[in-house]
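What the coordinates show
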Amino acid sequence: MSNMDRRSFIKLLGAATGVGLAGAPFITSAAEMLPKKGRRVVVIGGGYGGSIVAKYIRINDPSIEVVMIERDKKFVSCPFSNTVIGGFRDIKDNTITYENLAANNGIKVVYDEVTAVDTSAKKVVVSGGTISYDRLVLSPGIDFRFEEIEGYDPVATPKVIPHAWKAGEQTLLLRKQLVDLPKGGTVVMSIPVTPFRCPPGPYERISMMAWHLKNHNPTAKIIVLDANPDIVSKGPLFKKAWAKHYEGMIDYRPGNKVTKVDNKKRSVDTGVEEIKGDLVNLVPPQKAGMIAHKAGVVGEDKKWCPVNQLSFESTLAKDVHIIGDSCMAGAMPKSGYSANSQAKVCATNIVQLMNGQDLIDPSHTNVCYSYVTENEAISVAAVYKVAEGKTIAVANSGGVSPDLSELEAIYARSWIKNILHEMSS
Ligand SMILES: Cc1cc2nc3c(=O)[nH]c(=O)nc-3n(C[C@H](O)[C@H](O)[C@H](O)COP(=O)(O)OP(=O)(O)OC[C@H]3O[C@@H](n4cnc5c(N)ncnc54)[C@H](O)[C@@H]3O)c2cc1C
């Protein structure tokens, strides 16, 4: 840790614990919340990656203590949040809690925000004190690069112009704005440059908003400003669905990057044109969760965390692993399914490392389903392996579903039911 980092860490530590700095010995002055008796892994985040890595470490080696720290008592899933916006799923069905996960697997769950990580002292700081680890796993999801959009106020803007790229209140706000849209009104949706959380997510959202509008406000329009040169996932199938079900409603404009926003006018600007909407859904560009930045495990791009592709151990800090959206995992998309697969591989290899064994070669899977109407979905799937230190898709291992299909929608519902159950039991 550099002197500068150490100073910022001490400052954070003082703020988190109320311990004054003058004369206070570094770190040891803050109370250890859970004195460590044996080997311990601390997991930050209880989402798609965190809950699963915590569970599988305990399954693979019950002699390792696992402490999972999550800021929220309830986790609201982003997968299937677009169907809440479309109006045919209750957000309660996307919400899980951790009591059963903790009780069934002997995981200690701490509901708190991690405000700092000292990778030299191997401690994290929460409001109640510090928690020591032998190994740390970060699965904090994403945060936003608000600063790249002129006029974006991280507090004020999302209250008027939702991103709904973290599920919960934002999902419900976007749903409400869609229901309240004036007759024949205009929705503007802005999509950032890849990589971002869930490559097909924005296009599923457009489909879901169009589904609602077709049924309740058929003269409304959706203008899509996509910073990418084309639809980044399942393009031909989304285009087919839009032509079949929403003809004339969606004005898709590729190569249009939003650089400016105006909350009062409810408008976005591409540098070429200012576009006003009755509803604006601006998805900002993204980066690894903030705590990864504070822990010093973000790479030179200042966005994502470089990791060993077998163990998910940081290439920048020893005994710290990063999984899920925050990490760089080669060809794997930033999805809940990927995070789940990475969590299982990471758990296996953490147990291997803690028991002095060799790392095991992973085989990952990912399937991303997208709804295009209330009853029809499409999917993309692949298997991934590590070759020469890089995660690559296995040739001919996947592809997209052949067509829009009711069966895919049934598979999708089964997937969300199973994965949320796995995370909460
Ligand atoms: C609209 C939309 C639709 C999507 N649909 C799909 C889909 O159909 N299929 C799919 O596979 N994926 C989908 N995704 C992607 C999926 O949501 C993410 O890829 C997945 O959540 C990543 O898991 P994670 O563990 O990295 O982060 P998360 O699941 O977001 O978990 C991060 C957790 O860490 C906690 N946390 C963060 N920082 C701290 C801290 N400092 N202290 C304590 N706790 C902290 C957060 O509270 C959160 O609970 C979708 C995403 C969106 C936005």
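Residues numbered from 1 in each chain as written. Predicted model: local features only at pLDDT ≥ 70, side-chain atom pairs only at ≥ 80, totals over all residues. Heavy atoms only, no water.

- By the naming in an unreviewed UniProt entry, the protein chain goes by Sulfide dehydrogenase (Flavocytochrome), flavoprotein subunit and is assigned to Sulfuricella denitrificans.

**A short note on the packing of aromatic side chains**
- If you walk through the whole model with that rule in mind, you get 11 aromatic pairs.
- When the centroid spacing of 6.4 Å and the interplanar angle of 40 degrees are considered together, the rings of Tyr98 and Tyr111 count as tilted. A residue pair is termed long-range when its members are at least 10 positions apart, and Tyr98 in the loop between strand E4 (95–96) and helix H4 (99–105) and Tyr111 in strand E5 (residues 108–111) qualify at 13 residues.
- Relative accessible area serves as the criterion here: at 0%, Tyr98 is assigned to the buried category.
- Look at Tyr369 and Trp415: their rings are 6.4 Å apart centre to centre, the planes differ by 50 degrees, and that puts the pair in the tilted class. Note that Tyr369 is positioned in strand E22 (residues 363–371) and Trp415 in helix H11 (residues 406–423), a separation of 46 residues in sequence.
- Pairwise contacts between aromatic rings join Tyr203, Phe238, Trp242 and Tyr252 into one cluster.
- Note that Lys334 overlies the ring of Trp304, its terminal NZ or CZ placed 4.0 Å from the centroid. (Phe/Tyr/Trp six-rings, centres within 6.5 Å; stacked < 30°, edge-to-face > 60°. Helix = DSSP H or I, 4+ residues; strand = E, 2+ residues; numbered from the N terminus. Buried < 20%, exposed > 50% of the residue type's maximum accessible area, 1.4 Å probe, protein only. Lys NZ or Arg CZ within 6 Å of the ring centre and 35° of its normal.)

**Regarding the pattern of salt bridges**
- Evaluation of the coordinates by the stated rule reveals 23 salt bridges.
- With a shortest N-O distance of 3.4 Å, Arg135 and Glu313 are connected by a salt bridge. Taken together, the positions of Arg135 in strand E9 (residues 135–138) and Glu313 in the loop between strand E19 (305–306) and strand E20 (320–322) put the pair 178 residues apart, joining distant regions of the chain.
- For Arg135, a relative accessible area of 11% gives the class buried. (Salt bridge = Lys/Arg side-chain N within 4 Å of Asp/Glu carboxyl O.)

**Some remarks on the domain arrangement of the protein chain**
- Splitting the protein chain by domain gives domain 1 (3–143 + 287–359) and domain 2 (146–284).
- The C-alpha centroid of domain 2 is placed 31 Å from the C-alpha centroid of domain 1.
- Counting residues at the interface gives 19 residues for domain 1, matched by 21 residues for domain 2.
- The contact between domain 1 and domain 2 buries some 1800 Å² in all, and 64% of this surface belongs to carbon and sulfur atoms.
- In terms of surface lost to domain 2, no three residues of domain 1 exceed Asn82, Ile85 and Ile142, which account for 36% of the buried area on that side.
- Here domain 1 is connected to domain 2 by 2 salt bridges.
- Arg197 is paired through a salt bridge with Asp325; the nearest N and O atoms lie 2.5 Å apart.
- The interface formed by domain 1 and domain 2 holds 8 residue pairs in polar contact (both at pLDDT 80 or more) in total. (Domains from an automatic or database assignment. Contact = heavy atoms within 4.5 Å. Buried area = accessible area lost by both parts, 1.4 Å probe. Polar contact = N/O pair within 3.5 Å; in protein donor to acceptor, adjacent residues only side chain to side chain.)

**Focus: the nonpolar core**
- Val124 and Trp242 are the most contacted members of the largest nonpolar core, which has 115 residues in total.
- When residues in this core are grouped by element, the largest group, 8 residues, is from helix H10 (residues 336–354).
- Mapped onto the domain boundaries, this core takes at least three residues apiece from domain 1 (3–143 + 287–359) and domain 2 (146–284).
- Not counting residues up to four positions away in its chain, the partners in contact with Val124 are Val42, Ile44, Ile69, Val114, Ala116, Val117, Gly129, Thr130, Ile131, Tyr133 and Leu136. (Core = buried A, V, L, I, M, F, W, Y, C linked by side-chain atoms within 4.5 Å.)

**A word on the pairing of strand E8 (residues 129–132)**
- Two elements, strand E7 (residues 123–126) and E8, share 4 bridges in a ladder whose sense is antiparallel. If you follow Val125 over to E8, its bridge partner there is Thr130.
- Two successive antiparallel strands, E7 and E8, enclose a turn made up of 2 residues. (Pairing = 2+ DSSP bridges.)

**Considerations on the pairing of E22**
- Relative to strand E23 (residues 377–387), E22 runs antiparallel, the two sharing 9 bridges. Looking across to E23, one finds that Thr365 is bridged to Val383.

**What to know about the packing of H10 against H11**
- Axis separation between H10 and H11 bottoms out at 12 Å; the angle between their running directions is 40 degrees. Regarding the angle of H10 to H11, the classification is oblique. Remark: the crossing between H10 and H11 carries left-handed chirality. Side by side, H10 and H11 meet where Gly336, Tyr337, Asn340 and Lys344 of the first sit next to Trp415, Ile419 and Glu422 of the second.
- Looking at the contact of H10 with H11, its residues break down into 3 nonpolar, 2 polar and 2 charged. (Axes fitted to C-alpha atoms, helices over the stretch in contact; angles between N-to-C directions. Parallel < 35°, antiparallel > 145°, perpendicular 65-115°, else oblique. Left-handed = near helix turned anticlockwise from the far one by under 90°. Nonpolar A, V, L, I, M, F, W, Y, C, P; charged D, E, K, R; others polar.)

**Re the site of the ligand**
- Taken together, the neighbourhood of the ligand is formed by 35 residues, with Gly49, Glu70, Ser139, Arg197 and Asp325 sitting nearest.
- Contact between the ligand and Val114: a nitrogen atom at 3.0 Å from a main-chain N or O atom of the residue.
- Take Tyr337: an N or O atom from its main chain is 2.8 Å from an oxygen atom of the ligand.
- Taking 1000 Å² as the accessible area of the ligand by itself, protein coverage stands at 95%.
- Taken together, the elements giving at least two residues each to the shell around the ligand come down to strand E2 (65–70), helix H3 (81–86) and H10.
- Ranked by residues supplied to the shell around the ligand, first place goes to H10 with 3 residues.
- The class makeup of the residues in the shell around the ligand is 15 nonpolar, 11 polar and 9 charged.
- Looking at which domains feed residues into the shell around the ligand, each of domain 1 (3–143 + 287–359) and domain 2 (146–284) supplies at least three. (Near = heavy atom within 4 Å. Areas by Shrake-Rupley, 256 points an atom, 1.4 Å probe, with all protein chains shown as cover.)

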